[in-house]
Amino acid sequence: MICLMDAVNTPDGRRRTSWFTRRPKGYNGVSGRQIAVLGMRAVYITIEKLPDKNTRAVTKQLEDVTAHLRAQRTGAVLFSENFPYRESVLREGFKEADTRALMELMAGTMAQRAAESKQSAAVFTQRLTSAALRTLTELCGGFKTVMLVCASGADACRTLGRQLGISVIFDPRAGQLKKADAVVFYDVPRYPIILKDEAVAIPAGPGALDGVTYRTAVTGVDIGPSDGTDFVIPEGFAYEPVISAALECRALAPESVRLRALRFETSRRQNATLNDLTN
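Rules and cut-offs
Residues numbered from 1 in each chain as written. Predicted model: local features only at pLDDT ≥ 70, side-chain atom pairs only at ≥ 80, totals over all residues. Heavy atoms only, no water. Helix = DSSP H or I, 4+ residues; strand = E, 2+ residues; numbered from the N terminus. Expected span 1.5 Å × (residues − 1). Buried < 20%, exposed > 50% of the residue type's maximum accessible area, 1.4 Å probe, protein only. Contact = heavy atoms within 4.5 Å. Axes fitted to C-alpha atoms, helices over the stretch in contact; angles between N-to-C directions. Parallel < 35°, antiparallel > 145°, perpendicular 65-115°, else oblique. Pairing = 2+ DSSP bridges. Salt bridge = Lys/Arg side-chain N within 4 Å of Asp/Glu carboxyl O.

A. Layout of helix α1 (residues 55-71). In a regular helix each residue adds 1.5 Å, so 17 residues correspond to 24 Å; α1 covers 24 Å between its end C-alpha atoms and thus fits that length. All of the buried residues in α1 are V58, Q61, L62, D64, V65, T66, H68 and L69. Looking at the buried side of α1, the elements it contacts are β1 (2-9), β2 (30-37), β3 (40-49), β4 (76-79) and α2 (86-90). A positive backbone phi angle near 55° is found at R73, which sits one or two residues after α1.

B. Molecular detail of the packing of helix α3 (residues 100-114) against helix α7 (residues 239-248). Interhelical geometry of α3 versus α7 gives an angle of 80° and a closest axis separation of 7 Å. In terms of their interaxial angle, α3 and α7 are classed as roughly perpendicular. Between α3, through R100, A101, L102 and L105, and α7, the contact on the second element is made entirely by E240, I243, S244, L247 and E248.

C. Spotlight on the sheet that holds β4. The 4 strands are arranged β2-β3-β1-β4 in an open sheet whose pairing can be described as mixed. Both edges of this open sheet fall to β2 and β4, since each of them pairs with a single strand only. Neighbouring strand axes in the sheet, compared pairwise and without regard to direction, differ in orientation by 30° on average. Two strands pair when backbone bridges link them, and β1 and β4 are joined in this way by 4 bridges, in the parallel orientation. Bridged to C3 within β4 is V77. Strands in contact with α1 are β1, β2, β3 and β4; relative to β3, the strand with the most contacts, it is inclined by about 175°. Running at roughly 145° to β3, α7 makes contact with β1, β2, β3 and β4 of the sheet.

D. Focus on the pairing of strand β13 (residues 257-266). Counted residue by residue, β13 has 8 buried out of 10 residues, so it is predominantly covered. Where strand β12 (residues 216-225) lies against β13, 9 bridges are found, and the strand directions are antiparallel. Following the sheet pairing, P225 is matched in β13 by V257.

E. Molecular detail of the pattern of salt bridges. Counted under the stated rule, the structure contains 12 salt bridges. For the salt bridge of D64 with K60, the shortest nitrogen-to-oxygen distance reads 3.7 Å. In this pair, D64 and K60 are both assigned in helix α1, 4 residues apart and thus about one turn of the helix distant. The partly exposed category is assigned to K60, whose relative accessible area is 33%. Between R260 and D230 there is a salt bridge whose closest N-O contact spans 3.1 Å. Taken together, the residues span a long stretch of sequence, with R260 in strand β13 and D230 in the loop between β12 and α7 at a distance of 30 residues. By relative accessible area, R260 is classed as buried at 16%. For D230, a relative accessible area of 55% puts it in the exposed group. Salt bridges linked by common partners bring K60, E63 and D64 together as one network.

F. Molecular detail of the environment of A107. Assignment of secondary structure puts A107 in helix α3. In sequence terms A107 and T135 are 28 residues apart; their C-alpha atoms lie 6.3 Å from each other. In contact with A107, other than residues within four places in its own chain, are T135, V184, Y186, I202 and A204.

As structure tokens, then:
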């Protein structure tokens, strides 16, 4: 179960009993409730921000929060924008919600739409998971040559090559990789990678571009429902991790989401731009 965690300013004169602790001595600034978001069950916790000097009260708040997260067997925590106690919660061993499931699902589509040339594409992964194999197969439908860098997967490359009638290269040479127009990274590569200036790097996992030298990379996505409406999530939270969590627990079906736009950045750290792909 995912937890959405928010912080608000303390209202004057408000006292009530905490929803999950039911402390007889009164409300201590922490409340929570169960909600449904994008078809999945979630916990929504609100912490009232206290003065910095009141460290004992803040510590007690965080103790109550972490106890509740463990009792609910929370899988990941998503913090609202500018949440002040993020590091304190993560130090307790909780995982921060990320976009891995979403980026893995969209990796093949992102590569095809982002690459200016459709000559060659590559996939880096430590192991050939079902998600990585799906991306590899999708790339075969959009590029003339597809490469796989992985500890295993030669048989899969041969099978795809026979079925789809294109060149699928397993464990390519450095010279072949330098020709790639789009490269999907599921994991950090085992050795430094330098992409050509015209290539686009696509991270399917958090931190997957560590050790990769690139000029252009995809840094974010704009995702919407396939029916053309908008996803509704609580205000103040990044929507991509919520969509990713819903995909991971199968509350959302893969075919129910579509890629509307990509965000890019360059290795020179210029401002990200939004490339509208809706038309």
